[in-house]
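# Fold and geometry: a report
Each chain, written out:
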Amino acid sequence: MKHNDPEHELKRLFQKVEPSGSDLQDRIMSLIHKESAPKERFIVKHRVGVLLIAGLLLTASTGFAAMNYQSLFNDKGDVLLEEKPLTADPVHQPSQGEQQRLERMNEIWMNEIKPGEAALIYVVPNNPHHQFDIRSNPLRVENFEQLSHMVHVTGIPLSQKLSGASRTYTFQKASVSMEYKQDVYELSDEKKEALVQELRLQAQTSGQDHALMPVPVTDQVWLSSMTYVSGQNEISLSIMNNKDNEPLIASYDEDLNTTSRKINIHGQDVIARTYGGDVAELMWAYQEPETKYAYHYTLGVREGVVPLEELIHIAETLIPASDR
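Residues numbered from 1 in each chain as written. Predicted model: local features only at pLDDT ≥ 70, side-chain atom pairs only at ≥ 80, totals over all residues. Heavy atoms only, no water.

### A few points about the overall build of the chain
What counts is decided by this rule: Under the scheme used here, helices are H or I runs from DSSP no shorter than 4 residues and strands are E runs no shorter than 2 residues, and both carry numbers assigned from the N terminus. Burial classes: relative accessible area under 20% of the type maximum marks a residue as buried, over 50% as exposed, and values in between as partly exposed (1.4 Å probe, protein chains only). Pairs of residues are marked as contacts when any of their non-hydrogen atoms sit within 4.5 Å.
The secondary structure content of the chain amounts to 6 helices and 16 strands. Counting the 324 residues in the chain, one finds 53% classified as buried. Sequence separation of at least 24 residues holds for 70% of the intrachain contacts in the chain that already meet a minimum separation of 6.

Right, here's the structure in full:
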């Protein structure tokens, strides 16, 4: 019996990031599944296959055309994030039947799972291996006080306003994704088989082409994406908690016109990457001293015109001074 690892399947969906535009839910709809999308901007994973969030980042010079790959390290020299070409991990091409199953699963995901909830999804047609998928939808949070109680990184409080060189950006909304209480894919084969039988029976009894089984979530946030506005300009700040302490690998499509370099802010390395010379984002990592959890930050433009210098100025207000 074949099953997809839940983090490999779930986290990679939420964490394929477009360089600008609508909020996280819209990006999920447009980049719904690696197998469903004809071409990805990039994919991020760690060495055991969990796909996680990375940023698209800023630029060097307009005359610089070659792909550069950067890495982020902690104070001990351990890799927190490493960029690589997408060719290092070829993308699986689904069969027509698998593609149809995934498309139906995605419809169910978006239409039947409420914000803040998670569920197992079993699709009957085109499912000879009896696969089930685990999916969740993020909460939409518009109250900053509520958000600050949900998302907290030790020593780095959230800010309701972000100060740029020329203007101030005010918090508008956030989407927040929670951890699961149990990883069902760590169950024994016998228990997995029992789950499948229960889902199949549910679908048969209801006469539907699928079945859902709720999956409890915790109060622990693994991904938050916040939007800040100033007039017609919108910027985003995403924070992902990589609790397994494994390095991330960001894989980029080499056909894209993208450049990458490092800049230094308060002694902290920041990766800067541009796509097509006009879409800019910054990304950095902070490792919490006690837990050693790595928090990955991405700062970018959603709407309007925000120059690179403005993003750097904002990042300077967010990044604490390094001990290095």
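### Section: helix 5 (residues 189-206)
Three or four residues apart is the spacing at which side chains of an α-helix point the same way, because the helix has 3.6 residues per turn. What counts here: To estimate how far a helix should reach, multiply one less than its number of residues by 1.5 Å. What the arc measures is the spread of directions leading from the helix axis to the C-beta atoms.
In this model, helix 5 (18 residues) spans 26 Å end to end at C-alpha, consistent with the 26 Å of a helix rising 1.5 Å per residue. For helix 5, the set of buried residues is Lys-192, Leu-195, Val-196, Leu-199 and Ala-203. Taken down its axis, helix 5 places every buried residue within 95° of arc, on the same side. Facing away from the buried side of helix 5 by over 90 degrees, the exposed positions are Glu-190, Lys-191, Leu-201, Gln-204 and Thr-205. As for helix 5, its buried residues are in contact with strand 4 (118-123), strand 5 (132-136) and strand 9 (210-215). Where helix 5 ends, the next residue or the one after it, Gly-207, has phi of about 75°, a positive value.

### Quick word on the pairing of strand 9
Applied cut-off: By this definition, two strands are paired if DSSP reports at least two bridges between them.
Of all 6 residues making up strand 9, 5 are buried, and the element is well covered by its neighbours. Pairing between strand 4 and strand 9: 6 bridges, direction antiparallel. Bridging from a neighbouring strand, Tyr-122 pairs with Ala-211 of strand 9.

### Overview of the sheet that holds strand 5
Worth spelling out the cut-off: Fitting a line to C-alpha atoms yields each axis, with helices limited to the stretch in contact; the angle taken between N-to-C directions then spans 0 to 180 degrees.
As summarised here, the arrangement of the 3 strands in space is 5-4-9, forming an open sheet in which the pairing is antiparallel. The open sheet has two free edges, formed respectively by strand 5 and strand 9, since each of these has just one partner strand. Each strand of the sheet is rotated relative to its neighbour by a mean of 25°, with strand direction disregarded. Two elements, strand 4 and strand 5, share 5 bridges in a ladder whose sense is antiparallel. From the neighbouring strand, Ala-118 faces strand 5, where its bridge partner is Ser-136. Running over the sheet, helix 3 (residues 96-112) touches strand 4, strand 5 and strand 9 and is turned about 145° from strand 4.

### Overview of the nonpolar core
What counts here: Within this scheme, the nonpolar core is defined by two criteria: the residues are buried Ala, Val, Leu, Ile, Met, Phe, Trp, Tyr or Cys, and they are joined through side-chain atoms within 4.5 Å.
Within the largest apolar cluster, 39 residues are counted, with the highest numbers of intra-cluster contacts made by Leu-147 and Leu-282. Formed by 16 residues, the second largest nonpolar core is a distinct cluster that contains Leu-120, Phe-132, Leu-195 and Val-215.

### A look at the side chain of His-296
Checked against the element boundaries, His-296 lands in strand 16 (residues 294-303). Leave out the neighbours within four places in its chain, and His-296 touches Leu-80, Leu-81, Ser-238, Ile-239, Met-240, Asn-242, Leu-248, Trp-284 and Ala-285.

### What about the packing of aromatic side chains?
Each aromatic ring pair is described using two quantities: the centre-to-centre distance and the angle formed by the ring planes. To be explicit about the condition: Aromatic rings from Phe, Tyr and Trp, with only the six-membered ring used for Trp, were paired whenever their centres fell within 6.5 Å, and each pair was classed as stacked if the ring planes differed by under 30 degrees, edge-to-face if by over 60, and tilted otherwise.
All chains considered together, the criterion is met by 3 aromatic pairs. For the pair Phe-171 and Tyr-228, a centre-to-centre distance of 5.9 Å together with 75° between the ring planes defines the contact as edge-to-face. Of this pair, Phe-171 sits in strand 8 (residues 168-180) while Tyr-228 sits in strand 10 (residues 217-230); the two residues are 57 residues apart in sequence, bridging distant segments of the chain. Tyr-228 carries the same exposure label as Phe-171, and that label is buried. Connected via pairs of aromatic rings, a cluster forms that spans Phe-144, Phe-171 and Tyr-228.

### Structural notes on unusual backbone geometry
For His-130, which is not a glycine, the phi torsion comes out positive at approximately 55°. Within the secondary structure layout, His-130 lies in the loop between strand 4 and strand 5.

### Regarding the environment of Lys-262
Position of Lys-262 among the secondary structure elements: in strand 13 (residues 258-265). On the basis of relative accessibility, which here comes to 31%, the residue Lys-262 falls in the partly exposed class. Placed 20 residues apart in sequence, Lys-262 and Leu-282 show a C-alpha to C-alpha distance of 9.5 Å. If we ignore the near neighbours within four places in the chain, the residues touching Lys-262 are Gln-70, Ser-71, Phe-73, Asp-269 and Val-270.

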